[in-house]
Amino acid sequence: MKTSLKNILTLLSFLTFSISFAQNIEGVVTTNENIPLEAANVVIKGTTFSTITDASGKFSINTQGRLPITLLIQYTGYTTAEYNVTALPATPLLITLNEENKLVEVVVSSRRRIEKVQDVPIAVSVITGKQAEQTGAFNVNRIKELVPSVQLYSSNPRNTGINIRSLGSPFGLTNDGIDPGVGFYVDGVYYARPAATTLDFIDVEQIEVLRGPQGSLFGKNTTSGAFNITTRKPSFTSGADFEVSYGNYAFLQAKTSVTGALSQKIAGRLSFSGTQRDGLIDNVATGRATNTLNNQGIRGQLLYTPSDNTNIILSADITTQRPDGYAQVVAGVAPTQRAPYRQFNAIIADLNYQLPSQNAFDRKIDHDTPWRSGQDMGGISLNIDTKIGSGTLTSTTAWRFWNWDPSNDRDFTGLQVLALSQNPTRQTQFTQEVRYAGQLNSKLSGVVGVFFIDQTSQTNGTEESGKAQWRFSQSSTSNLWKTPGLFEGYGIKTDARIRASSAAVFGQLDWAVTERLHVLPGLRYNFDKKDADYSRTTYGGLQTTDPALLALKKQVYSDQAFASNTDNTDFSGNLTVSFKATDKINAYATFAKSYKPVGVNVAGLPTNSAGAPLLELAVIKPEEVNHYEVGVKTSPFKSSIFNLTFFNTDIKNFQTNVQAAELGVNRGYLANADKVRVRGVELDASFVVTEHLTVNGAATYTDGKYVKFTNAPLPLEETGAAVAFKDVSGTDLPGASRWAGSLGGELSDKARFFGNAGKVFVAVDSYARSEFSSSPSASKYLVVQGYAIFNARLGFRASQGLSVQFWGRNLLNKDYYEQLLPAGGNTGQYAGVLGDQRTYGITLKYSL
C-alpha cells in the first residue's frame, strides 16, 4: 500500500497546482467573522448545476446561459442564503453565511432537483460527507449507526444484505437470482451487487437515504428505499485534502483528494482511500490474527463544460479488498431432534476434538481452511447534463464489474469437515438511464425517464470434503460410513450462470394545486427477463462400484443440473399528497404499489426422496407490494427539526432465502412466503440548543411479521423432526428489531490552532437496537440480543489548514453479535458474526 500511495500522491501533487482558467461567476463564501467556508454548496436555483467552495471559500460557477439567476448557498450549520445575480459581476461576489441551523437547511437532489430536505414529501435522512468523516462512518455498515432504519447484515461481502425498515434483501445467504429491494446509487449509477456496501466510501459529498418505494424517481425499481450517494465533483479552482488516521490494532487509513483546472473548459479530480487494520480474532491454529482490513480505492473524474448549458463528467473508479477475514466464531450448540449420535457434541467427542473456547467473545478460532475474501469492483461512467427549456436532460451511461475470490471454513471448526468451500464469481453490468426533469409550466413540474440494465454473473465453485466429513454426514449406524477414504477429497464443481435484463419507463409529476397543496402521481412500467443455468458435478473420494457406498456418497453430494428462463412485466406507481400548513409544518401521505421482479434459483435446488431436484422451485414469483405512509416534517422551534413518519407495507409472495439442511445444496434456495407485513413509526429530530451545543437523534419502531408462511423451513433445534416444513405464520421477520435508535450531541466553541481559525469540540454518539431473530424461521438459539454502543470524539477542526481529532468507538467494550448463522449440515453448532471491540485512534487532516 505504501508504494501505491507514494505513486498516487505524486500524481495528486501535480494536479493540485493546476491553474484555473474558468471565466464564470466567481465568489467567496465566509462566516460573519470572515472565516472562509470550505465545501459550501453553491447551486443555481431550479437546476441541478452546482459547485462547492474550496479551502479558501472560493467558488466559480457557469451561468448556464441565462441571467438573471439565483444562487443558493448552503453549508451544514449555517442558514442557507439566496443571492440574486442580474448581470455578470466585475469582481468576485462576497457572500456571508450566518451560523444558525444544523439540519433544517440541508438540500437534496433525490427528486432530480435541488430543494430543501424539509420540503421533500419523502422520508429521507441526509448524512453529509463531513458528518460521515467526523463520525468515522466510512462504509454503509457504519451509516446504520446514524440512520437506525437501515440494517446491514454481512457474513462476507458476497453474503451481504442491506435493508431499510427490515425489508430489501432476504436474511441469510445471497442468491444471485433475485434483485435487492434497496437501490444503491453513486453519482446516478446503479450498483447491482450488495457487496458494494462493504467497501469504503471515496470522497463522498452527501449520502441520502430514502425510505419506502422509489420506483417513479429512480431507474432501477426499489421496493424498500434507496441510497443516493454523490461524490465531490471536479472544480476549476485548485484545492486538495490530505487525511490520515491511526488507531489500535494497527488501524491505518489514508485519504487524499485533489482538484483543479486542466484547461479553460476541463477540470479534474483524483481521490484515493486506503484502509488497513490487524485482525480482531485469534486463529490459534495458524498463530495469526484474522478478520483484518485491507482496502484500497481510487476514483478519477474529468469535467468538461463545452457550453454554459452543458456539463459532461467522465468518471472511473476501482476498489480492491484483500482481507484475511470474515471468519465466524462458534457461538453455541443447539440440541436437534436427530438421534443422539448425530448431535454436534457427540460427533466431536468421537473425533477427539474440542473447540478452542466455549465463549465466542474470547475471539478464538482454530479454522484449518484459510479465510479469503478478495474482491475487486470498479467501472467507468459518462454523465451528461444539458439544459433544455425549463429543465435538464440527463444521460448516465455506465459499465461496471465485480470479481469475488473467496475461501471459507463453513464448518467453523478445526476439523477437516469441509476442506474447501469457495465460490468465485465474476459479474458485469451495463446500465443506461436518460431522464428529463424540470418545470413544465407554472403549476406542473416533474421527471420522466427510461432505464436499462443488462448484467451477467458466473460462479465456478468448489466444495470438497475432508477426513472428518463421514462423521458429520453419518445418518445411520452402519459401519460403511467408516470406510477409509470414502469422503476424503470428495466434492462438487459448480457452474452457475445468470443473465438478467431489465427495461423501464418511469416518471412523476408535481402538480401545485395551490402554493401549499401539491399532488404527486408517479407511474412505472417494467420488463424483466432472467435466464439461468446451473450444473454441479461430483468428483473424488473413494473410487468404488459398491452400490451401498455410492449411495452414502450421494447423501453428501450429488450431481445436479437444470436451466430456467422467465420474464414478466409490471405496472406500478404511487400517489402522494403534500400540504404545507405553515412555513414550519409540511405534511404528506403516500400510497405506493410496487414490486420486486421474478427470481430464479442459481445455487442448487432441494431434492426429493429419489435425489432429483425439485424443479418447481427454480422460478420464484415476484413480490407484490402495497405501501402506505403518512409523515409530517416540522420546525417547532428556531434551529430545530422534528419529523414523524408512520408506515405500513404489505408484501404478497415475499421472496425469502432458505438454507437447506443437506450439504449438497450449499448456497441455500429461494422460496415465497405467502404474505408479510411491516409497520412502524420513525422519528428524526435535531436541535441547536445554543450556539455551542447541538443534539440530534433518530428512533424507529418496527413490527415485521410473517402474516402467512405455512411451508417455512424448520428452525435449527427442530432439524431431524418427522416433518419437513413448519407453519411460522405470526412470527417475527428475521433481522427485524422492534426498537432501534441513535442519539448524539456536540459541544463546540471557536478557537485557534497553529494560527488556524476553527472550532474545538467534543462529541458523543450512541446507537442501540433491541433483539432480533437471526434465522429465516424463528429459533430460540438464533436470537441476537439487543445491544448499545457508545462512540466519542474530541479535537479541533478548521476549514483550512490542520485539523486534529481523537476518537473512540464502542467505548464500553460491549460484546455483541451482528448475526448468528447455523453451520452447513445443521448438526447443531452455530456461529456468530462479532461486532468490533473497543477501538480508538487519532485523525489528522490538512486542507489546502
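Reading the values: rules and limits
Residues numbered from 1 in each chain as written. Predicted model: local features only at pLDDT ≥ 70, side-chain atom pairs only at ≥ 80, totals over all residues. Heavy atoms only, no water. Phe/Tyr/Trp six-rings, centres within 6.5 Å; stacked < 30°, edge-to-face > 60°. Lys NZ or Arg CZ within 6 Å of the ring centre and 35° of its normal. pLDDT = per-residue confidence, 0-100. Contact = heavy atoms within 4.5 Å. Pairing = 2+ DSSP bridges. Helix = DSSP H or I, 4+ residues; strand = E, 2+ residues; numbered from the N terminus. Salt bridge = Lys/Arg side-chain N within 4 Å of Asp/Glu carboxyl O. Buried < 20%, exposed > 50% of the residue type's maximum accessible area, 1.4 Å probe, protein only. Core = buried A, V, L, I, M, F, W, Y, C linked by side-chain atoms within 4.5 Å. Polar contact = N/O pair within 3.5 Å; in protein donor to acceptor, adjacent residues only side chain to side chain. Patch = residues over 30% accessible without salt bridge, like charges linked within 9 Å, V, L, I, M, F, W, Y side chains within 5 Å. Areas by Shrake-Rupley, 256 points an atom, 1.4 Å probe, with all protein chains shown as cover.

S.K.: It is not clear to me how the packing of aromatic side chains should be interpreted in this structure. Could you clarify?
M.R.: Think of a pair of aromatic rings as described by two things: how far the centres are apart, and how the planes are tilted against each other in angle. Tallying each qualifying case throughout the model produces 20 aromatic pairs. Within the aromatic cluster, the residues linked to one another by ring pairs are Phe184, Tyr191 and Phe227. Arginine 400 extends its terminal NZ or CZ atom over the ring of tyrosine 191, reaching a point 4.0 Å from the ring centre. Across from the ring centre of phenylalanine 761, 4.5 Å away, lies the NZ or CZ of arginine 797, which sits over that ring.

S.K.: Where do I start with the confidence of the model for the protein in this structure?
M.R.: Any residue range with low pLDDT should be treated as having predicted coordinates unsuitable for detailed reading. Residues with a pLDDT of 70 or more make up 94% of the protein, whose mean pLDDT is 87. Segment residues 1–6: pLDDT under 50, and eight contacts once partners within four positions in sequence are set aside and those in other chains are kept. In the model, residues 8–22 has pLDDT below 50 throughout and makes 33 contacts with residues more than four positions away in sequence or in other chains.

S.K.: Hey, could you run me through the sheet that holds strand S13 (residues 182–186) in this one?
M.R.: The strands making up a sheet associate through hydrogen bonds between their backbones, and the pairing can be parallel or antiparallel. The five strands lie next to each other as S10-S15-S16-S13-S14, forming an open sheet whose pairing is mixed. Two strands bound the open sheet, and with one partner strand each, they are strand S10 (124–128) and strand S14 (189–190). As paired elements, S13 and strand S16 (residues 225–231) share five bridges and run parallel to each other. Looking at the pairing, tyrosine 185 lines up with asparagine 228 of S16.

S.K.: Could you clarify how one ought to interpret the pattern of salt bridges in this entry?
M.R.: Two side chains bearing opposite charge may form a pair once their charged atoms approach each other closely. Inspection of the entire model under this criterion finds 39 salt bridges. Residues arginine 165 and glutamate 629 are paired through a salt bridge, measuring 2.9 Å at the closest nitrogen-oxygen approach. Of this pair, arginine 165 sits in the loop between strand S12 (160–164) and S13 while glutamate 629 sits in strand S37 (residues 623–634), placing them 464 residues apart in sequence. With respect to burial, arginine 165 and glutamate 629 carry one shared label: buried. Between lysine 529 and aspartate 531 there is a salt bridge whose closest N-O contact spans 3.6 Å. Owing to a relative accessible area of 28%, aspartate 531 belongs among the partly exposed residues under this scheme. Residues joined by salt bridges that share partners form a network here, namely Arg165, Arg211, Glu629, Glu682 and Asp684.

S.K.: Can you help me understand the nonpolar core in this one?
M.R.: For soluble globular proteins, the rule of thumb is that nonpolar side chains tend to be buried together. In terms of nonpolar packing, the biggest core is built from 28 residues, with Ile143, Phe184, Ile207 and Phe227 touching the most fellow members. For this core, the secondary-structure elements that each account for two or more residues are helix H3 (140–143), strand S11 (150–154), S12, S13, strand S15 (204–211), S16 and strand S27 (391–407). Residues in contact with isoleucine 143, not counting those within four places in the same chain, are Ile127, Ala137, Phe201, Ile207 and Phe227. In terms of nonpolar packing, the next biggest core, distinct from the first, is built from 19 residues, Val42, Phe59, Ile61 and Ala81 among them.

S.K.: When you look at the side chain of threonine 197 in this model, what are you seeing that I'm missing?
M.R.: Secondary-structure assignment places threonine 197 in the loop between S14 and S15. Classification of threonine 197 by relative accessible area gives buried; the value is 2%. Polar contacts involving the side chain of threonine 197 include one to the main-chain carbonyl oxygen of proline 194, which spans 2.6 Å. If we skip the residues at most four places from it in the chain, threonine 197 touches Asn139, Val140, Asn141, Leu152, Thr160, Ile162 and Phe184.

S.K.: How do you make sense of a nonpolar patch on the surface when you look at a structure like this?
M.R.: A surface patch of nonpolar side chains, about 820 Å² in accessible area, is lined by Leu262, Ile266, Leu302, Tyr304, Leu314, Ile380, Leu382, Trp399, Phe430 and Phe452. Put simply, the parts of the chain that give the nonpolar patch at least two residues each are strand S22 (293–307) and strand S26 (372–388). Tracing the backbone shows leucine 382 in strand S26. Judged by its relative accessible area of 33%, leucine 382 falls in the partly exposed class.

S.K.: Would you explain unusual backbone geometry in this entry?
M.R.: Most peptide bonds take the trans form, and the phi angle of most residues other than glycine is negative. In this structure, asparagine 653 takes a positive phi of about 60 degrees despite not being glycine. Mapped onto the fold, asparagine 653 is located in strand S38 (residues 640–658). You can call asparagine 653 buried: its relative accessible area is 12%. Even without being a glycine, asparagine 813 presents a positive backbone phi close to 55 degrees.

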